Amino acid sequence: QGRRKVGIIGSGLIGRSFAMIFASGGYKVTLFDLEPDQVSKAKADIQTQLGSLEREGLLRGSLSVQQQFDLITGVTDLATCVKDAFFVLECVPERLDIKRSVWSQVDPLVTDDVILSSSTSALLPSAISEGLRHKDRFVICHPTNPPFYAPLVEVVPSQWTRADVVQTTMELLREVGQVPVLVKKEVAGFVLNRLQFAIMGEAWRLVRDGVISAGDLDKVMSSGLGTRYAFIGPWETAYLNAEGMDSYVERYADMIFDIQKHQESAEKMALGPTLDAIKTDMEAVAGPISDLQTRRQWRDNRLAALAKLKVEM
Ligand code: NAD
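Residues numbered from 1 in each chain as written. Predicted model: local features only at pLDDT ≥ 70, side-chain atom pairs only at ≥ 80, totals over all residues. Heavy atoms only, no water.

## Examining a nonpolar patch on the surface
Together, Phe 231, Leu 306, Leu 309 and Met 313 line one region of the surface with nonpolar side chains, adding up to about 380 Å² of accessible area. Examined against the element boundaries, Leu 306 turns out to sit in helix H13 (residues 292-312). Residue classification places Leu 306 among the partly exposed residues on the basis of a relative accessible area of 32%. (Patch = residues over 30% accessible without salt bridge, like charges linked within 9 Å, V, L, I, M, F, W, Y side chains within 5 Å. Areas by Shrake-Rupley, 256 points an atom, 1.4 Å probe, with all protein chains shown as cover. Salt bridge = Lys/Arg side-chain N within 4 Å of Asp/Glu carboxyl O. Helix = DSSP H or I, 4+ residues; strand = E, 2+ residues; numbered from the N terminus. Buried < 20%, exposed > 50% of the residue type's maximum accessible area, 1.4 Å probe, protein only.)

## Points about the pattern of salt bridges
Two side chains of opposite charge can pair, provided their charged atoms sit close to one another. Under the definition given, this model contains 16 salt bridges. Put simply, Lys 99 and Glu 90 hold a salt bridge, and the shortest N to O gap is 2.6 Å. In this pair, the class of Lys 99 matches that of Glu 90, namely buried. Glu 202 is the partner of Arg 205 in a salt bridge, and the nearest nitrogen-oxygen pair spans 2.7 Å.

## Considering the site of the ligand
Around the ligand, the structure places 22 residues, and the nearest of them are Asp 33, Gln 38, Glu 94, Lys 99 and Ser 121. Within the contact set of the ligand, a nitrogen atom lies 3.3 Å away from a backbone nitrogen or oxygen of Leu 34. Here an oxygen atom of the ligand and a side-chain polar atom of Gln 38 are 2.6 Å apart. Residue assignment for the shell around the ligand shows that the elements contributing at least two residues are helix H1 (13-24), helix H5 (96-106) and strand E6 (138-143). When grouped by side-chain class, the residues that make up the shell around the ligand number ten nonpolar, eight polar and four charged. (Near = heavy atom within 4 Å. Polar contact = N/O pair within 3.5 Å; in protein donor to acceptor, adjacent residues only side chain to side chain. Nonpolar A, V, L, I, M, F, W, Y, C, P; charged D, E, K, R; others polar.)

## Notes on the domain arrangement of the chain
Often the size quoted for an interface is simply the accessible area lost on bringing the parts together. According to the domain assignment, the chain consists of domain 1 (5-182) and domain 2 (192-312). Centre-to-centre separation of domain 1 and domain 2, based on C-alpha positions: 30 Å. At the interface, nine residues of domain 1 touch eight residues of domain 2. Summing both partners gives a buried area of about 700 Å² for domain 1 against domain 2, and 69% of it is carried by carbon and sulfur. A per-residue breakdown of the area domain 1 buries against domain 2 is headed by Glu 56, Leu 58 and Tyr 149, which together make up 54% of the total. In this assembly, domain 1 and domain 2 are joined by zero salt bridges. Our count for the contact surface shared by domain 1 and domain 2 stands at one residue pair in polar contact (both at pLDDT 80 or more). For the side of domain 1 that touches domain 2, a count of residues per class yields four nonpolar, three polar and two charged. (Domains from an automatic or database assignment. Contact = heavy atoms within 4.5 Å. Buried area = accessible area lost by both parts, 1.4 Å probe.)

## Side note on helix H2 (residues 36-56)
Since the α-helix packs 3.6 residues into each turn, any two residues three or four apart lie on the same face. A rise of 1.5 Å per residue sets the reference length of H2, with its 21 residues, at 30 Å; its end C-alpha atoms lie 31 Å apart and thus fit the reference within 8%. For H2, every residue scored as buried is listed here: Val 39, Ala 42, Ile 46, Leu 50, Gly 51 and Leu 53. Contact partners of the buried residues in H2: H1, strand E2 (28-32), helix H3 (65-70) and strand E3 (72-75). Backbone geometry just downstream of H2 places Gly 57 in the positive-phi region, at approximately 75°. (Expected span 1.5 Å × (residues − 1).)

## Some details on the pairing of strand E8 (residues 179-182)
The side chains of a regular strand alternate, residue by residue, between the two faces of the sheet. Both strand E7 (residues 152-157) and E8 contribute to a ladder of four bridges, which runs parallel. Across the sheet, the residue bridging to Val 155 is Leu 182, located in E8. You can see the chain leave E7, run along helix H7 (residues 163-175) and come back into E8, and the turn it takes is right-handed. (Pairing = 2+ DSSP bridges. Right-handed = clockwise from strand over helix to strand, strands pointing away.)

## Regarding the nonpolar core
Grouped together as the largest cluster of nonpolar side chains are 39 residues, with contacts concentrated most on Ile 8, Phe 18, Phe 22, Ile 46 and Phe 87. Looking at this core, the element that brings in the most residues is H1, giving six residues. With sequence-adjacent residues up to four places away left out, Ile 8 is seen in contact with Gly 15, Phe 18, Ala 19, Phe 22, Val 29, Thr 30, Leu 31, Phe 32, Cys 81, Leu 89 and Cys 91. Counting residues in each nonpolar core, the second largest holds 23 residues, with Leu 116, Ile 128, Ile 140 and Val 183 among its members. (Core = buried A, V, L, I, M, F, W, Y, C linked by side-chain atoms within 4.5 Å.)

## Observations regarding H5
Along H5, the positions that sit buried rather than exposed are Lys 99, Val 102, Trp 103 and Val 106. Here the buried residues of H5 occupy an arc of 95° about the axis, which is enough to place them on one side. Against strand E1 (5-9), helix H4 (78-82), strand E4 (87-90), strand E5 (115-118), helix H6 (125-129) and E6 lie the buried residues of H5. (Arc of directions from axis to C-beta.)

## A few points about the side chain of Ser 11
Of note, Ser 11 is situated in the loop between E1 and H1. Judged by relative accessible area, which is 0%, Ser 11 ranks as buried. Ignoring any residue separated from it by four or fewer positions in sequence, one finds Ser 11 in contact with Arg 16, Leu 31, Phe 32, Asp 33, Gln 38, Val 39 and Ala 42.

This is the structure:
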């Protein structure tokens, strides 16, 4: 790959994280935002974040903080952002109209060998890219927040995305230290959110039906399932818990299916007694809403420690 420049559109939470991730791999990054003020804020924030990553021993790549920082340039127009970029990543708010408007402006500005990508959490790649001249070069890269500590990226092509675009995107993400997975078909919620919302649906029913408190339900994840899931997923769990997959299914499929039959279909969460019970427990565990920043900092410190452990293993 001759060109070493990535263009990032939208310098919010996700845009600035990706800017750091690509700079850590030695790529030049141009960062654009509709609000010029946001770009300066992003640059200041990136400098702070790079410093704390270094202190935590989590700075990626072989370049110094200053070298990585110097690779990131804030720009004030879209054309400069995408000029000569081989990879353009859009990180603007989660609205189809905004994303489509951004892409219709980018499409005529780029050459035919570019890769176009969006960090959307839930919009489908076909919906964003239909109508683009370069629609076969468009693919979604859905990160996990915070991307530095939770490196998973769901790579989601549409039915018209070229295979080589998908492959190059996966290689690029791996090269800069993320963990890409391929979502082979576009489906609502991709995979991470389908799993997350299946758990949330069951968690809602269990609290609603008085089986467990919300605080204890969270402990089932944080001290039970979650400790395992930080290292192995449900399939490897099954593989290890019996003598491989056939043996797991022979031993446990009946029991699992009996329980699955008791798991109802979706119920929409709403204001009311179940939510009140969850709120009370969350205030006790995580503190009042006025002080969420303290708890977020606590969470991010722990995620950083876990990420460090995983790097050192
Ligand atoms: P954000 O609100 O922090 O940042 C969005 C930025 O885009 C803002 O700086 C805004 O000024 C800018 N912007 C708005 N319109 C623009 C335009 N037309 N051109 C250029 N810039 C424009 O949002 P975020 O959390 O960074 O999310 C960005 C995308 O990433 C969304 O699609 C979101 O769903 C997705 N995402 C977010 C998370 C998360 O946890 N925050 C996780 C995964 C994916």
